[in-house]
Amino acid sequence: MLSIKYIRENIDLVKESAKNKNSDVNLDEIVKLDENRREIIKEADDHKAKRNVVSQAIAQKKRNGENSDQEISDMRMVSDKIKELDGDLKIIEEKLHSCLLYVPNVIHPSVPIGFDESDNVTIREWGELPEYSFGLQDHLEIGENLKLFDFKRASKISGSGFPLYTGIGAKLERSLINYMLDLHTEKHGYTELFPPFLTNRDATQTTGQLPKFAEDMYHIPADDLFCISTAEVPVTNIHKDETLLEDDLPKKYSAYSACFRREAGSYGKETRGLLRVHQFNKVEMVKFVKPEESYEELEKLLVDAEEVLQSLNLHYRVRALASGDLSFAAAKCFDIEVWAPGMQKYLEVSSCSNFQDFQARRGNIRYRRKSDNKVDFVHTLNGSGVATPRLMIALLETYQQDDGSVIIPKVLQPYLKADILLP
RNA sequence: GGAGAGGUGGCAGAGUUGGUUGAAUGCGACGGCCUCGAAAGUCGUUGUUUCGUUUUGGCGGAACCAAGGGUUCGAAUCUCUUCCUCUCCGCCA
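In this text the structure is predicted, and so the values were computed from the model without any measurement. (Residues numbered from 1 in each chain as written. Chains lettered and ligands numbered in written order. Predicted model: local features only at pLDDT ≥ 70, side-chain atom pairs only at ≥ 80, totals over all residues. Heavy atoms only, no water.)

Asker: What am I meant to see in the overall build of chain A here?
Answerer: Each helix and strand in chain A was counted, giving 13 helices and 16 strands. Counting only C-alpha atoms and orienting by the principal axes, one finds that chain A spans roughly 100 × 45 × 40 Å. Scored against the burial criterion, the 423 residues of chain A give a buried share of 49%. Here the contacts in chain A between residues at least 6 apart in sequence split such that 74% fall between residues at least 24 apart. (Helix = DSSP H or I, 4+ residues; strand = E, 2+ residues; numbered from the N terminus. Buried < 20%, exposed > 50% of the residue type's maximum accessible area, 1.4 Å probe, protein only. Contact = heavy atoms within 4.5 Å.)

Asker: So what exactly am I meant to see when it comes to the packing of helix 3 (residues 27–63) against helix 4 (residues 69–100) here?
Answerer: Packed helices, taken two at a time, are described by the angle their axes make and the gap between the axes. For the pair helix 3 and helix 4, interaxial distance at closest approach is 8 Å and the crossing angle is 155°. Compared by their axis directions, helix 3 and helix 4 come out roughly antiparallel. Crossing geometry of helix 3 relative to helix 4 is assigned as left-handed. In terms of residue class, the contact of helix 3 with helix 4 is built from 17 nonpolar, three polar and 14 charged. (Axes fitted to C-alpha atoms, helices over the stretch in contact; angles between N-to-C directions. Parallel < 35°, antiparallel > 145°, perpendicular 65-115°, else oblique. Left-handed = near helix turned anticlockwise from the far one by under 90°. Nonpolar A, V, L, I, M, F, W, Y, C, P; charged D, E, K, R; others polar.)

Asker: Can you help me understand the pairing of strand 14 (residues 379–387) in this one?
Answerer: For a regular strand, side chains alternate in direction, first toward one face of the sheet and then toward the other. Most of strand 14 is tucked away, with nine of its nine residues classed as buried. Here strand 8 (residues 279–289) pairs with strand 14 via seven bridges, running antiparallel. By the bridge assignment, Val 286 is partnered in strand 14 with Asn 382. Both strand 11 (residues 345–354) and strand 14 contribute to a ladder of three bridges, which runs antiparallel. Counted as the bridge partner of Asn 354 is Leu 381 from strand 14. (Pairing = 2+ DSSP bridges.)

Asker: Looking at this structure, I do not really get the protein's contact with RNA strand B. What am I missing?
Answerer: As a matter of local geometry, RNA strand B sits amid 24 residues, with Asp 45, Asn 52, Arg 76, Ser 79 and Lys 90 nearest to it. Asn 52 is positioned such that a nitrogen or oxygen atom in its side chain is 3.0 Å from a phosphate oxygen of RNA strand B. Within the backbone of Ile 72, one N or O atom sits 3.3 Å away from a sugar or linking oxygen of RNA strand B. Of all the secondary structure elements, the ones that give two or more residues to the surface near RNA strand B are helix 3 and helix 4. (Near = heavy atom within 4 Å. Polar contact = N/O pair within 3.5 Å; in protein donor to acceptor, adjacent residues only side chain to side chain.)

Asker: When you look at the sheet that holds strand 6 (residues 243–245) in this model, what are you seeing that I'm missing?
Answerer: Whenever strands of a sheet pair, they do so through backbone hydrogen bonds, lying parallel or antiparallel. What the three strands build is an open sheet, ordered 6-12-13; its pairing is mixed. Across the chains shown, the open sheet's two edge strands, defined by having one partner strand only, are strand 6 and strand 13 (375–377). Looking at each pair of strands side by side, their axes are set apart by 40° on average, direction ignored. For strand 12 (residues 366–368) and strand 13, the ladder comprises three bridges, and the chain directions are antiparallel. By the bridge assignment for strand 13, Arg 366 is matched with Phe 377.

Asker: How should the domain arrangement of chain A be read in this particular structure?
Answerer: How big an interface is tends to be stated in terms of accessible area lost as the parts join. If you check the domain split of chain A, you get domain 1 (4–100) and domain 2 (117–421). Centre-to-centre separation of domain 1 and domain 2, based on C-alpha positions: 44 Å. Counting residues at the interface gives four residues for domain 1, matched by eight residues for domain 2. Summed over both partners, the interface of domain 1 with domain 2 comes to about 410 Å²; 36% of that surface belongs to carbon and sulfur atoms. Ranking the residues of domain 1 by area buried against domain 2 places Asn 20, Lys 21 and Asn 22 at the top, with a combined share of 80%. Where domain 1 meets domain 2, there are zero salt bridges. For the interface between domain 1 and domain 2, the tally reads five residue pairs in polar contact (both at pLDDT 80 or more). (Domains from an automatic or database assignment. Buried area = accessible area lost by both parts, 1.4 Å probe. Salt bridge = Lys/Arg side-chain N within 4 Å of Asp/Glu carboxyl O.)

Asker: Could you clarify how one ought to interpret the side chain of Ser 353 in this entry?
Answerer: Mapping Ser 353 onto the fold places it in strand 11. Taking the relative accessible area as the measure of exposure, Ser 353 reaches 5% and is therefore buried.

Asker: Whenever I open this one, helix 10 (residues 294–311) confuses me. Can you help?
Answerer: For an α-helix the count is 3.6 residues per turn, leaving residues at separations of three or four pointing the same way. Taking 1.5 Å of rise per residue, 18 residues should cover 26 Å, and helix 10 covers 26 Å from first to last C-alpha, within 8% of that figure. Every buried residue belonging to helix 10 is among Ser 294, Glu 297, Leu 298, Leu 301, Leu 302, Asp 304, Ala 305, Glu 306, Glu 307, Val 308 and Leu 309, and all of these are buried. The positive-phi residue at the C-terminal boundary of helix 10 is Asn 313, with phi of around 55°. (Expected span 1.5 Å × (residues − 1).)

Dropping the structure here:
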């Protein structure tokens, strides 16, 4: 979240940013609450100062064996007043805090202003659009012919949107995960984590999924735990309430997790196959960095994610998200979209975002600066590296052959222990 | 699930007849001295948040000893609730 002080001092910028993110948050109300809050603090503090002074005097008198009944009865009234003011203050601060949780992060100056995804800007493309001399199948047909998935049986188990990978399909899924984790940990220098898949309310709030997007999360009421929608949630919270050392930054983590999304409100859209599912697998990268380096680190994060697709030789493009398409917590975001020849579509497989200190403030994740020995919030970044369902789609559709087989790219072969999928 | 112990500053660790305890002591960190330099030694400094004021350096106030209530003129210290950690037992993988 943004600090009230920052909002107070940059109210026009914050309003402009919220507007460009299509947010209807009421900032005037927040400013008013803040003014009210500071008035009460001033009054309560004055009373408390008086109480502290007189309490000392009472202590002194008691030590001297003098009577202090007068002071005590005076202070009883002051104390009542303090209680009243503190009560008022608490109500206002709770209200202010819950309002602040809905203020979106400010956008970086480099973000293209626009209403929705149609205003996103392609900043580069990689590889060639593959060409084929035969009729293409989409991933559903390929998967059926090669017996890679079984959506029908999956729906008996959990309902639609929960994929069941079978046989070599299951192994291919696992191979993709292992390959990506190895790439990021062995080549890109990320520390591997295997995090919990359920998170508590507090941790889920750090990254911004709560309170605004509660509808999209699977929730377990008995324990008030949430199924993670991305490994970003547990991994970002690894340093919650910690003060890191500047020399330890940047900290880079990579983690596999299953991801759970209710996809509320998107019924009927892209419901077939692997395109939009309630549970999927993803390898995520998370970085904790110094504020002055976060945009440089964002570029590097993007490159690390791109290498997954490059090494698999899959055509893709990188898009800079327009303000209106930017997520609530992000200051800037790039999407990577891989080409799926069978569907003739670009599919989003990764979002690489800089949250600046938005999440760090919510999670109280700080570092001690060497230059002045002060503590400050770190910047957090994360990016998918990458999500498997759409990667699987692109892979199958790109490497399909006219006999129905699918060639396996070189880097995956040691993991799958096969170089081709045959019908 | 049952029984017990505990949660204090960057870390370790004092502090229960409530009253100059924001908090001893040690370590760490920073600065000075010493040294060719370093170590050792020695002297000093060293939390966060927030409100007000300001010639922006500061000055003054308030709050913070897991979290939230209660008692009291006054609570790290008494009391209640919750959370978390550890040990033992039981159950399950």
